[in-house]
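# Architecture and fold: a report
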Amino acid sequence: MIRINENYLKLRSSYLFVEIANRVSSYQKENPDAEIIRLGIGDVTLPLPPACIQAFQEGVKEMASDSTFRGYGPEQGYGFLRDKIALNDYQALGADIDSDEIFVSDGAKCDTGNIQELFATDIRLAIPDPVYPVYLDTNVMAGRTGNFNNGRYNDIIYLESLPENGFVPFLPETPVDLIYLCFPNNPTGATISKDSLKKWVDFAHEHKVLILFDAAYEAFIRDPDLPRSIFEIDGAREVAIEFRSFSKTAGFTGTRCAYTVVPKTCMAYDERGQQHSLHGLWSRRQSTKFNGVSYPVQRAAEAAYSDAGKTQIIEMVDYYLKNAALIRNEMASLGFEFVGGENSPYIWVHCKRDAWEFFDLLLKTAGVVTTPGPGFGKCGEGFIRISAFNSYEKVEKAMVRIKDALSG
Ligand code: MLT
């Protein structure tokens, strides 16, 4: 008799965005003429930047000829892309990261989900609430939690992000081994200052803690004082791993390319207290389970660092930020309190009522899809997340419809 991994039975029945997609598609079935505007899942709508498309096409052409064809690439990514990432995303910020500390992958979702394989099952985990569900669900699957009770898993230390702390959690008060952080935050859109991030890095040094830092939304930072990477903070090389993605930066959600930075100085310990390089372990994991991102896609990602690519990406992100500003203005004019949308594509709106009910109201009376806060955790009760990823025209229309729905 084949037995299942019973940790899967602890999971809530479906992944958040699948649950929302199901609700939206059953509403669409019942109302085939309704024109639905999607401000739910953070999926980009603008096409890839022309510089990336051109490099993508050239990469495909190379695959079509005997003399330039490539088979398996290096599991960690091609040097041409890793060098550009190290130079532009780290060394240019004064962050001491080498290209061989960069692991190119097919998504930050996969990497933030897979990284927990490197750690013991009985480590003490601190996870933000609200949170991108992948961090939590993958640890549930791995057996690091108890059952789900009253909106929370047993055995997790929840780091609450609430209006009271400006949506930046306080340092844990109980002992922890592994901390997940995400800034600019998904789902709240909140950002963290260099001084606050330094406190987390110092805490990690003091308590031998590892920080998993998800910076998938760093391209949305426009405030020059905010850190784009945890490696801008002194001491982070010993205590942090960072995840980045081309998805939201350059429109690669359907194309798939991301990377994870594991500094060679970042260590974890065995039962005897002996230290091991996480770089070595992650490299071992990736070379066993992963065969790299396709060559044309890596060429397309490389083009994001060309002069034309950089300019086009800034324009793209600015476009979404303009949507975010419109959402902020309209929500303010309706009297809602919110955070995010300034250095982030997400606006976290305090709807001050049951969030799933508010989600249903916006879907059924305005035809607008949002994401209910409780899908991201207990601290999301009373909040919805509005995503700025759509066309400006549709965002404008969605805001008019929401206004009408709420005043009608
Ligand atoms: C979100 O909407 O939270 C993101 O699009 C999900 C993801 O990046 O996987």
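Structural notes, computed from the coordinates. Remember, predicted model here, so these are calculated numbers, not experimental data.

Working definition: the strands of a sheet are paired by backbone hydrogen bonds and lie parallel or antiparallel to each other. The mixed open sheet is built from seven strands, whose spatial order is β2-β10-β9-β8-β7-β3-β6. Of all strands in the sheet, those with a lone pairing partner are β2 (102-105) and β6 (156-160), marking the two edges. Neighbouring strand axes in the sheet, compared pairwise and without regard to direction, differ in orientation by 20° on average. Looking at chain direction, strand β3 (residues 125-129) and strand β7 (residues 178-182) are connected through two bridges and run parallel. The residue bridging Ala-126 from the neighbouring strand is Ile-179, located in β7. Across the sheet, helix α3 (residues 79-90) touches β2, β9 (240-245) and β10 (258-261), and the angle it forms with β2 is around 115°. Across the sheet, helix α8 (residues 278-289) touches β2, β8 (210-214), β9 and β10, and the angle it forms with β2 is around 25°.

For the structure on display, the rule yields 24 salt bridges. Residue Arg-285 pairs with Glu-117 through a salt bridge whose shortest N-O separation is 3.2 Å. With Arg-285 in helix α8 and Glu-117 in the loop between α4 (108-114) and β3, this pair connects stretches of sequence that are 168 residues apart. Residue classification places Glu-117 among the partly exposed positions, given a relative accessible area of 36%. The closest approach of N and O atoms between Lys-194 and Glu-232, which form a salt bridge, is 3.5 Å. With a gap of 38 residues between them, Lys-194 in helix α6 (residues 194-207) and Glu-232 in the loop between β8 and β9 connect regions that are remote in the sequence. Connected through shared salt-bridge partners, Asp-89, Glu-218, Arg-228, Glu-242 and Arg-244 make up one network.

Let us now look at unusual backbone geometry. The peptide bond linking Asp-129 to Pro-130 adopts the cis configuration, its omega dihedral lying at 5°. Residue Pro-184 is reached from Phe-183 by a cis peptide bond, and omega for that bond is -10°. Within the fold, Pro-184 resides in the loop between β7 and α6. Within the chain, Asn-150 stands out as a residue other than glycine whose phi angle is a positive 50°. With respect to the secondary-structure elements, Asn-150 resides in the loop between β4 (148-149) and β5 (152-153). Phi is positive for Arg-256, which is not a glycine, with a value near 75°. Its place among the elements puts Arg-256 in the loop between α7 (247-250) and β10. Taking relative accessible area as the criterion, Arg-256 reaches 29% and is therefore assigned partly exposed.

Following the sequence through the fold, Ile-123 ends up in the loop between α4 and β3. As a C-alpha pair, Ile-123 and Val-176 span 53 residues in sequence and 7.6 Å in three-dimensional space. Non-local contacts of Ile-123, meaning those with residues more than four positions away in its chain, are made with Arg-144, Asp-177 and Leu-178.

Turning next to the site of the ligand. Around the ligand, a shell composed of Phe-17, Ile-41, Gly-42, Tyr-132, Asn-186, Tyr-217, Lys-248, Tyr-346 and Arg-385 is seen. Here Gly-42 contributes a backbone N or O atom positioned 2.6 Å from an oxygen atom of the ligand. Out of a free accessible area of 270 Å², the ligand has 85% covered by protein chains. Residue classes in the shell around the ligand are distributed as five nonpolar, two polar and two charged. No fewer than three residues from each of domain 1 (6-47 + 308-407) and domain 2 (53-306) sit in the shell around the ligand.

Take the packing of α3 against helix α9 (residues 295-303) next. Interhelical geometry of α3 versus α9 gives an angle of 25° and a closest axis separation of 9 Å. Taken as axis vectors, α3 and α9 run roughly parallel relative to one another. Crossing hand, α3 versus α9: left-handed. Here α3 contributes Phe-80, Leu-81 and Lys-84 to the contact with α9, which in turn contributes Tyr-295, Gln-298, Arg-299, Ala-301 and Glu-302. Residue classes in the contact of α3 with α9 are distributed as four nonpolar, one polar and three charged.

Another point: the sheet that holds strand β14 (residues 346-350). Judged by pairing direction, the sheet is antiparallel, and its four strands sit side by side in the order β13-β14-β17-β16 without closing on themselves. On the outer flanks of this sheet lie β13 (337-340) and β16 (371-372), each paired with one strand and no other. Here β13 pairs with β14 via four bridges, running antiparallel. Bridging from a neighbouring strand, Glu-337 pairs with His-350 of β14.

Turning next to the packing of aromatic side chains. In this structure the tally under the stated criterion is 23 aromatic pairs. Geometrically, the ring pair formed by Tyr-78 and Tyr-295 is edge-to-face, given 5.4 Å between the ring centres and 80° between the ring planes. One end of the pair, Tyr-78, is in the loop between α2 (50-63) and α3; the other, Tyr-295, is in helix α9, and 217 residues separate them in sequence. Residue classification places Tyr-295 among the buried residues on the basis of a relative accessible area of 3%. Ring centres of Phe-246 and Tyr-259 lie 6.0 Å apart, and the angle between their planes is 55°; on these two criteria the pair is classed as tilted. Taken together, the positions of Phe-246 in the loop between β9 and α7 and Tyr-259 in strand β10 put the pair 13 residues apart, joining distant regions of the chain. Here a set of aromatic residues connected by ring pairs shows up, and it is made of Tyr-15, Phe-17, Phe-167, Trp-348, Phe-376 and Phe-383. Between Arg-299 and the ring centre of Phe-80, over which it is positioned, the NZ or CZ distance is 3.6 Å.

Cut-offs used in this document
- Residues numbered from 1 in each chain as written.
- Predicted model: local features only at pLDDT ≥ 70, side-chain atom pairs only at ≥ 80, totals over all residues.
- Heavy atoms only, no water.
- Pairing = 2+ DSSP bridges.
- Helix = DSSP H or I, 4+ residues; strand = E, 2+ residues; numbered from the N terminus.
- Axes fitted to C-alpha atoms, helices over the stretch in contact; angles between N-to-C directions.
- Contact = heavy atoms within 4.5 Å.
- Salt bridge = Lys/Arg side-chain N within 4 Å of Asp/Glu carboxyl O.
- Buried < 20%, exposed > 50% of the residue type's maximum accessible area, 1.4 Å probe, protein only.
- Near = heavy atom within 4 Å.
- Polar contact = N/O pair within 3.5 Å; in protein donor to acceptor, adjacent residues only side chain to side chain.
- Areas by Shrake-Rupley, 256 points an atom, 1.4 Å probe, with all protein chains shown as cover.
- Nonpolar A, V, L, I, M, F, W, Y, C, P; charged D, E, K, R; others polar.
- Domains from an automatic or database assignment.
- Parallel < 35°, antiparallel > 145°, perpendicular 65-115°, else oblique.
- Left-handed = near helix turned anticlockwise from the far one by under 90°.
- Phe/Tyr/Trp six-rings, centres within 6.5 Å; stacked < 30°, edge-to-face > 60°.
- Lys NZ or Arg CZ within 6 Å of the ring centre and 35° of its normal.

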